[in-house]
Amino acid sequence: MKNESALLASSKLFCILALVLWGLSLSGDGFNPDMGTMLKPPMLLFVSGLGFLCLGSVFLWKMRASQTRLLCLYTFIMLAMLWLSPVIMQSSPVSAQWAYGIYYPNTQFISQTGGIDPAGYTFHNWPGFFILDYSLSAVAGTSCLDFMAFYGPFLMQVLILVPLYCLFKNIIPNPNHRFAAIWVFYLANWVAQLYFVPQGVGVFFLICLLAIITSPGFSASEGNAVSHRVVIILVLAALTVSHLLTSIVALLCVGALTLSRLVKGFNLGILAGMLVGCWTIYGAATQFDSQLPDFANRAFELENLFQFSSSSGGGDAGAAFLEISRARFIFSGLFAGLAVLGVLLSLKYRNRFDFSLFALEGVAIVILCSMLYGSEFWTRAFLFSLVPIAYFAVKLLRNRLSTLVMAAVLLVAIPGHLLAHYGAIPDMVSRFDLAAWQYLENYTLRGYISGGISYIKPDYLSLPLKKLDWQDGLLVSQGYTGRYPQYLQIGRSTGVDWVYYNGDSQYVPALEAALEDSASYGLIYQNGEMNIYFNQGAS
């Protein structure tokens, strides 16, 4: 009893220290974790604060009495620290550039026309996310773009937390250990897809599906209760129209859980197969027709499995790019090792869900080997491994030595998460980049776009700077025909991106100097950090 009281008091003290250190770190200038800043304020204060919060949680995980309310508070603080801090410190979430440059144009078309255009907008082949995004703006009476781009990532973590807790409540008997699994899930995830993006919405519905299937009521009725059938149909339908890969994973998960005998019969598998198959062939016919040949050519080419996308740049890749890529593989391997130890401990501490969760990891391995997402197959497979990894990792809390190992791994994982998640500098966009994007959005109708935030919509063609060469006084590439105006976004972030990916600090300054001297290009926009150079083209 005295030990329990001491653990509780120490936990609360550590939580207070964490909040104080977090508050002090927020006074810093920008949220930019990298190898150089991790050991200096404010990042050192931030890492220390999150470390104290983690240790305070470990104390509660080891208590015999349930500490659900306090652990829920700690978890919420952890989510706020990891996903709100960039916004508070005037940086941006990793997904902000995609929200503006890729996803917003898809929602904008629905808002303007009231319909979808799968032929013109690839993402409209799975329009669920964009219909949701449009609906939120319609209810709010104004565009939610800025709010969701910056605060959507944190809100998505909180939203996913609800079905995630329900899932772990169903499969992990110890109420305190459930929150340990949640910590592992969020700390291990460096893949920037659990945001307010199609993949994030898809994963939310996938976890909802798993939470329903593992619930005691579903097992008792063997899935035949009308309420379960209705909810599963709605979840599967929403998932199917939201994200292709996640809907395929849902189908494979149902198959894996059927093989593990957690799901009785084949009705659920047939339903999932019909929904995914029919929508892919008929609802997403444009994407299906264009992508099927490419997928068939590369599917399950296992000789390419270890040709990491991180090294795709070969000898031309920047040192920073390769450094972060290696850090991500090592970081992922750290949690994979933790899960392997948990699997070994499962031989001693058995649970009836062990084989089912092992089968779900098999689904992630199938996705890895399928290479469905081309160069991103490693990252997507790791994303779908998070639930099994979290489940098996908490097995280490069953004895003292393995608990110390788990606590040490989580403490090391805190700076590792920051590097893997936020360390890729080009993923972070400044307010100056957004201002330049807004200029293009408000004052242009079509064009070739190079540099800055990506711009993916009809009548706009993205020309990567790396593929541009001078020809007759113009910067052109294979896709350039001159039929549209050309806009070159050149600024501080352009130079940072070029050094990160290509390791060359001289190219962008030389390019900007050449544009200043060029008779073909004029400066039409500038702010503190970004300039836009313009060529009229043949239009």
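Note that this is a predicted model, so its numbers are computed, not measured.

Novice: I would appreciate a short explanation of the overall build of the chain in the present structure.
Specialist: When helices and strands are counted, the chain shows 20 helices and 7 strands. The C-alpha atoms of the chain give 24 Å as radius of gyration, which agrees with the globular expectation for 539 residues (24 Å, within 12%). For the chain, the spread of C-alpha atoms along the principal axes amounts to about 80 × 55 × 50 Å. A separation of at least 24 residues holds for 76% of the contacts in the chain among residues at least 6 apart in sequence. Surface exposure of the chain reaches about 23,600 Å², of which carbon and sulfur atoms provide 64%. Here the chain holds 28 positive side-chain charges and 28 negative ones, and the gap between their average locations is 22 Å.

Novice: I tried to follow the side chain of D354 on my own but got confused; where do I start?
Specialist: Among the structural elements, D354 can be located in helix α15 (residues 354-370). Residue classification places D354 among the buried residues on the basis of a relative accessible area of 10%. Here D354 is in contact with S346, Y349, Y391, F392 and K395, once residues within four sequence places are set aside.

Novice: Explain the packing of helix α3 (residues 68-88) against helix α6 (residues 145-171) to me, please; I cannot follow it from the model alone.
Specialist: Describing two packed helices takes the angle between their axes plus the distance from one axis to the other. Relative to each other, α3 and α6 sit at 155 degrees, their axes nearing to 8 Å. Classed by the angle they form, the pair α3 and α6 counts as roughly antiparallel. The handedness of the crossing between α3 and α6 is right-handed. Facing α3, whose interface residues are T68, T75, F76, L79, A80, W83, L84 and V87, α6 presents F150, Y151, P153, F154, Q157, V158, L161 and Y165.

Novice: Sorry if this is basic, but what is going on with the packing of aromatic side chains here?
Specialist: The geometry of two aromatic rings is summed up by the distance between their centres and the angle between their planes. All chains considered together, the criterion is met by 34 aromatic pairs. A network of ring pairs unites the aromatic residues Y103, F123, F129, F130 and F196 as a single cluster. Looking at R483, its charged tip hangs above the ring of Y484, at a distance of 4.6 Å from the centre.

Novice: Would you mind showing me how to read unusual backbone geometry here?
Specialist: P41 connects to P42 through a cis peptide bond whose omega is 5 degrees. Positionally, P42 belongs in the loop between α1 (2-25) and α2 (43-61). Unlike most non-glycine residues, Q90 shows phi in positive territory, near 65 degrees. Looking at where Q90 falls in the secondary structure, it is placed in the loop between α3 and α4 (96-113). Judged by its relative accessible area of 57%, Q90 falls in the exposed class. A positive phi angle is found at R261, which is not glycine, with a value near 70 degrees. Mapped onto the elements, R261 comes out in the loop between α11 (244-259) and α12 (267-283).

Novice: What am I meant to see in the pairing of strand β5 (residues 486-491) here?
Specialist: Regular strands have side chains that alternate between both faces of the sheet. Among the 6 residues that make up β5, 6 are buried, leaving the element largely enclosed by the rest of the structure. Residues Q486, L488 and I490 line one face of β5 and the alternating positions Y487, Q489 and G491 line the opposite face, and both faces are buried. With 3 bridges connecting them, strand β1 (residues 447-450) and β5 associate as parallel partners. In the strand pairing of β5, S450 is matched with L488. The pairing of β5 with strand β7 (residues 530-535) spans 6 bridges and is antiparallel. Across the sheet, residue L488 finds its bridge partner in β7, namely Y533.

Novice: Looking at this structure, I do not really get the nonpolar core. What am I missing?
Specialist: Nonpolar side chains tend toward joint burial in soluble globular proteins. In terms of nonpolar packing, the biggest core is built from 128 residues, with L53, W61, F185, Y186, F335 and M406 touching the most fellow members. Counting residues per element, this core draws most heavily on helix α8 (residues 198-213), which supplies 12 residues. Once residues within four sequence positions are removed from consideration, F335 is found in contact with V184, L187, A188, I389, L410 and A413. Y100, V429, L434 and I449 belong to the second-largest nonpolar core, a separate cluster that totals 21 residues.

Novice: What is the right way to look at the pattern of salt bridges in this model?
Specialist: Pairing of side chains with opposite charge becomes possible as their charged atoms draw close. In total, this model carries 2 salt bridges according to the counting rule given. A salt bridge links K395 to D354, with the nearest nitrogen and oxygen atoms 3.0 Å apart. Separated by 41 residues along the polypeptide, K395 in the loop between α16 (377-393) and α17 (400-422) and D354 in helix α15 bring together distant segments of the chain. A salt bridge links E529 to R492, with the shortest nitrogen-to-oxygen separation between them at 3.1 Å. Residue E529 is located in the loop between β6 (522-526) and β7, and its partner R492 is located in helix α19 (residues 492-502); the two are separated by 37 residues in the primary sequence.

Novice: Help me understand the sheet that holds β5, please; the structure alone is not making it clear to me.
Specialist: Strand pairing in a sheet relies on backbone hydrogen bonds. The paired strands run either parallel or antiparallel. With respect to topology, 5 strands assemble into an open sheet ordered β2-β1-β5-β7-β6, the strand pairing being mixed. At either end of the open sheet lies a strand with only one pairing partner, and these are β2 (460-462) and β6. Each strand axis lies, on average, 25 degrees off the axis of its neighbour in the sheet, ignoring direction. Pairing between β6 and β7: 4 bridges, direction antiparallel. Bridging across to β7, L523 finds its partner in Y533. Sheet strands in contact with α19 are β5 and β7, and its direction is about 80 degrees off that of β5.

Novice: Where do I start with the packing of helix α14 (residues 319-346) against α16 in this structure?
Specialist: Where α14 meets α16, the closest approach of the two axes is 9 Å, and the angle between their N-to-C directions is 35 degrees. As α14 runs across α16, the sense of the crossing is left-handed. Every residue of α16 that contacts α14 at F329, S332, F335, L338, A339, G342, V343 and S346 is listed here: W378, F382, I389, F392 and A393. Class assignment of the residues belonging to the contact of α14 with α16 gives a composition of 10 nonpolar, 3 polar and no charged.

Novice: Explanation requested: helix α20 (residues 507-517) in the structure shown.
Specialist: Residue pairs spaced three or four apart in an α-helix point in one direction, given the helix's 3.6 residues per turn. Considered for burial, the residues of α20 that qualify are V508, L511 and L515. The buried residues of α20 occupy one face: seen down the axis, they fall within an arc of 60 degrees. Structurally, α20 contributes buried residues whose contacts are with β3 (469-471), β4 (474-476), β5, α19 and β7.

Novice: Even after reading the chapter, I still don't get the confidence of the model for the chain, so can you show me in this structure?
Specialist: Reading fine detail from the predicted coordinates is not recommended where pLDDT is low. Confidence in the prediction of the chain, expressed as mean pLDDT, is 88, and 92% of residues score 70 or more. Mean pLDDT across the secondary structure elements of the chain bottoms out at helix α13 (residues 285-298), with 64, and peaks at helix α7 (residues 175-188), with 98. Across residues 308-315, confidence stays below pLDDT 50; counting only partners more than four residues off in sequence or on other chains, it has 9 contacts.

Novice: Would you take a moment to explain the environment of R328 for this structure?
Specialist: By secondary structure assignment, the location of R328 is in helix α14. Assessed through its relative accessible area of 17%, R328 is described here as buried. Each C-alpha atom, one on R328 and one on T379, is 9.4 Å from the other, the two residues being 51 residues apart in sequence. Residues in contact with R328, not counting those within four places in the same chain, are W190, A420, H421, A424 and D427. At 2.7 Å, the side chain of R328 forms a polar contact with the backbone oxygen of A420.

The rules behind the values
Residues numbered from 1 in each chain as written. Predicted model: local features only at pLDDT ≥ 70, side-chain atom pairs only at ≥ 80, totals over all residues. Heavy atoms only, no water. Helix = DSSP H or I, 4+ residues; strand = E, 2+ residues; numbered from the N terminus. Rg over C-alpha atoms; globule rule 2.2 N^0.38 Å. Contact = heavy atoms within 4.5 Å. Areas by Shrake-Rupley, 256 points an atom, 1.4 Å probe, with all protein chains shown as cover. Lys, Arg positive; Asp, Glu negative; His and termini not counted. Charge placed at Lys NZ, Arg CZ, Asp CG, Glu CD. Buried < 20%, exposed > 50% of the residue type's maximum accessible area, 1.4 Å probe, protein only. Axes fitted to C-alpha atoms, helices over the stretch in contact; angles between N-to-C directions. Parallel < 35°, antiparallel > 145°, perpendicular 65-115°, else oblique. Left-handed = near helix turned anticlockwise from the far one by under 90°. Phe/Tyr/Trp six-rings, centres within 6.5 Å; stacked < 30°, edge-to-face > 60°. Lys NZ or Arg CZ within 6 Å of the ring centre and 35° of its normal. Pairing = 2+ DSSP bridges. Core = buried A, V, L, I, M, F, W, Y, C linked by side-chain atoms within 4.5 Å. Salt bridge = Lys/Arg side-chain N within 4 Å of Asp/Glu carboxyl O. Nonpolar A, V, L, I, M, F, W, Y, C, P; charged D, E, K, R; others polar. Arc of directions from axis to C-beta. pLDDT = per-residue confidence, 0-100. Polar contact = N/O pair within 3.5 Å; in protein donor to acceptor, adjacent residues only side chain to side chain.

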